[in-house]
Amino acid sequence: MPHGSAFPARYAVFGHPIGHSLSPAIHRMFGEQCGIALDYVAIDATPAAFADAVRHFLAGGHGANVSLPHKAAACALADERSAAASRAGSANVLTRLPAGRLAAHNTDGSGLVRDLTGRQHCPLHGRRVLLLGAGGAARGVAWDLLDAGVDQLTIVNRTADSAVALAGALGATRARARHWQDLAGLGSFDLIVHATSAGVLGQPLPLPPGLANPQTIGYDLSYGRAAQSFLDWARGAGAKAACDGLGMLVEQAADAFALWHGRRPDTDPVYAQLRGSAA
Ligand code: NAP
């Protein structure tokens, strides 16, 4: 409960659509675990209404999560940006600063790396990684993968220019862009990160089997039905493991919770509860 107030602090996740969001349930569980009373709701805002809606909410509310399709807008409207938000050009967390100012953060990359290296036992140092997609989520995780020691990050996107731009922005000799039609000639990877929205949109994502070998881990940032097609492909291609993005979702939420409350919750019981209810 905020100091001096009879009401719990208010938080929200903004998206369009947003009805499916697990964020309210995750943050309620974190709050219960940490003994922090909070009120967390999902708010559907169209792109045209987003900036006004989030500013109105944060005039009284304490923080916001931002989901598709508002992450770039959230980054742009903030008065201050964390390094992770600046380099990605997108934000999934907004915090309130004094005098009505807003700060943007991006915890998608830290969430992915923590899930991969911790829960999924997928080491990143020295690994060859294929990143499929160059949208907001791909931009949010690419730097963190390199920071975690990935040796070579190959970025492939339907619109090749976006992959070239991302590889250029990464500016590292360890990042390169390749064309989608050349996927079959790229050999196999230690880790394949699927960061397109094809699954969410119910669209096919044709991938050649040779991208995976018996040591490969396939990781889809989506979860639930949206991840099924890629996970089926990875298993069919002979990958060692195929994981969805539920763990990343919980880890990025815990990093947001830490920004708001100064304390990072234990994610394992929350992950187990969500995984159990999804089973
Ligand atoms: P976005 O900014 O809209 O980008 C979409 C990306 O998907 C672009 O690279 C786009 O390529 C590509 N794409 C869309 N349809 C495609 C198709 N049919 N075939 C091939 N590529 C296609 O979306 P985003 O924010 O990056 O989100 C991507 C996914 O990550 C979503 O499913 C989202 O739910 C998930 N995500 C999960 C978490 C988590 O915590 N687990 C966090 C963030 C995001 P073009 O450039 O050619 O359009």
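First things first, this report covers the structure right here in the doc.

Quick notes on the rules
- Residues numbered from 1 in each chain as written.
- Predicted model: local features only at pLDDT ≥ 70, side-chain atom pairs only at ≥ 80, totals over all residues.
- Heavy atoms only, no water.
- Axes fitted to C-alpha atoms, helices over the stretch in contact; angles between N-to-C directions.
- Helix = DSSP H or I, 4+ residues; strand = E, 2+ residues; numbered from the N terminus.
- Parallel < 35°, antiparallel > 145°, perpendicular 65-115°, else oblique.
- Left-handed = near helix turned anticlockwise from the far one by under 90°.
- Contact = heavy atoms within 4.5 Å.
- Nonpolar A, V, L, I, M, F, W, Y, C, P; charged D, E, K, R; others polar.
- 1 Å grid on protein atoms, 1.4 Å probe; cavity = no way out; pocket = protein on both sides within 12 Å on 5 of 7 lines; lining within 4 Å.
- Points joined across faces, edges and corners; volume = space filled by probe spheres on them.
- Near = heavy atom within 4 Å.
- Polar contact = N/O pair within 3.5 Å; in protein donor to acceptor, adjacent residues only side chain to side chain.
- Areas by Shrake-Rupley, 256 points an atom, 1.4 Å probe, with all protein chains shown as cover.
- Pairing = 2+ DSSP bridges.
- Buried < 20%, exposed > 50% of the residue type's maximum accessible area, 1.4 Å probe, protein only.
- Salt bridge = Lys/Arg side-chain N within 4 Å of Asp/Glu carboxyl O.

Remark: helix H5 (residues 108-119) packs on helix H6 (residues 136-147), axes separated minimally by 7 Å, with the N-to-C direction vectors making an angle of 55°. In terms of orientation, H5 and H6 fall into the oblique class. Relative to H6, the crossing made by H5 is right-handed. Residue-level inspection shows Asp108, Gly109, Ser110, Leu112, Val113 and Leu116 of H5 in contact with H6, the latter providing Gly140, Val141, Asp144 and Leu145. Among the residues making up the contact of H5 with H6, the classes are represented as five nonpolar, three polar and two charged.

In this structure the tally under the stated criterion is one cavity of 30 Å³ or more. When its volume is computed, the largest cavity comes out at roughly 40 Å³. Contributing to the lining of the largest cavity are His194, Ala198, Gly199, Gln203, Leu205, Ala226, Ser229 and Phe230. When contributions to the lining of the largest cavity are tallied by element, the ones reaching two or more residues are helix H8 (198-201) and helix H9 (225-236). The element best represented in the lining of the largest cavity is H9, accounting for three residues.

This part covers the site of the ligand. As a matter of local geometry, the ligand sits amid 25 residues, with Ala137, Asn157, Thr159, Gln203 and Leu221 nearest to it. Within the backbone of Gly136, one N or O atom sits 2.9 Å away from an oxygen atom of the ligand. Interatomic distance of 2.6 Å between a side-chain N/O atom of Gln203 and a nitrogen atom of the ligand. Across the complex, the protein chains shield 82% of the 930 Å² of accessible surface that the ligand would expose by itself.

As defined by bridge partners, strand E3 (residues 63-66) adjoins strand E5 (residues 93-96) across three bridges and the pair is classed as antiparallel. Each bridged residue has a counterpart across the sheet, and for Gly63 the counterpart in E5 is Thr95. Linkage of E5 to strand E6 (residues 102-105), two consecutive antiparallel strands, is achieved through a turn of five residues, within which Ala99 is found at a positive phi near 60°.

On to the environment of Ala134, then. Locating Ala134 in the fold gives a position in the loop between strand E7 (128-132) and H6. With relative accessibility at 7%, the residue Ala134 sits in the buried group. For the pair Ala134 and Ile18, spaced 116 residues apart in sequence, the C-alpha to C-alpha distance is 22 Å. Residues in contact with Ala134, not counting those within four places in the same chain, are Arg139, Ile155, Asn157, Ser162, Ala163 and Leu166.

The subject of this paragraph is unusual backbone geometry. With omega at 0°, the peptide bond leading from His16 into Pro17 counts as cis. Mapping Pro17 onto the fold places it in the loop between strand E1 (9-15) and helix H1 (23-34). Here the residue pair Leu68 and Pro69 is connected by a cis peptide bond, since its omega of 0° sits within 30 degrees of zero. By secondary structure assignment, the location of Pro69 is in the loop between E3 and helix H3 (71-77). Backbone geometry at Ala99 places phi at a positive 60°, although glycine is not the residue there. Turning to its location among the elements, Ala99 is positioned in the loop between E5 and E6. Located in the positive-phi region is His121, a residue other than glycine, with phi close to 50°. Structurally, the position occupied by His121 is in the loop between H5 and E7. When its relative accessible area of 63% is taken as the criterion, His121 is described as exposed.

Counted by the stated rule, this structure contains 10 salt bridges. For Arg119, the salt bridge identified is with Asp115, shortest N-O distance 2.7 Å. Here Asp115 and Arg119 lie together in helix H5, a separation of four residues that amounts to about one turn. The pair formed by Arg119 and Asp115 is uniform in burial state, with each residue classed as buried. Between Arg119 and Glu251 there is a salt bridge, with the nearest N and O atoms lying 2.8 Å from each other.

Scope: geometric values only; no functional claims are made or implied.
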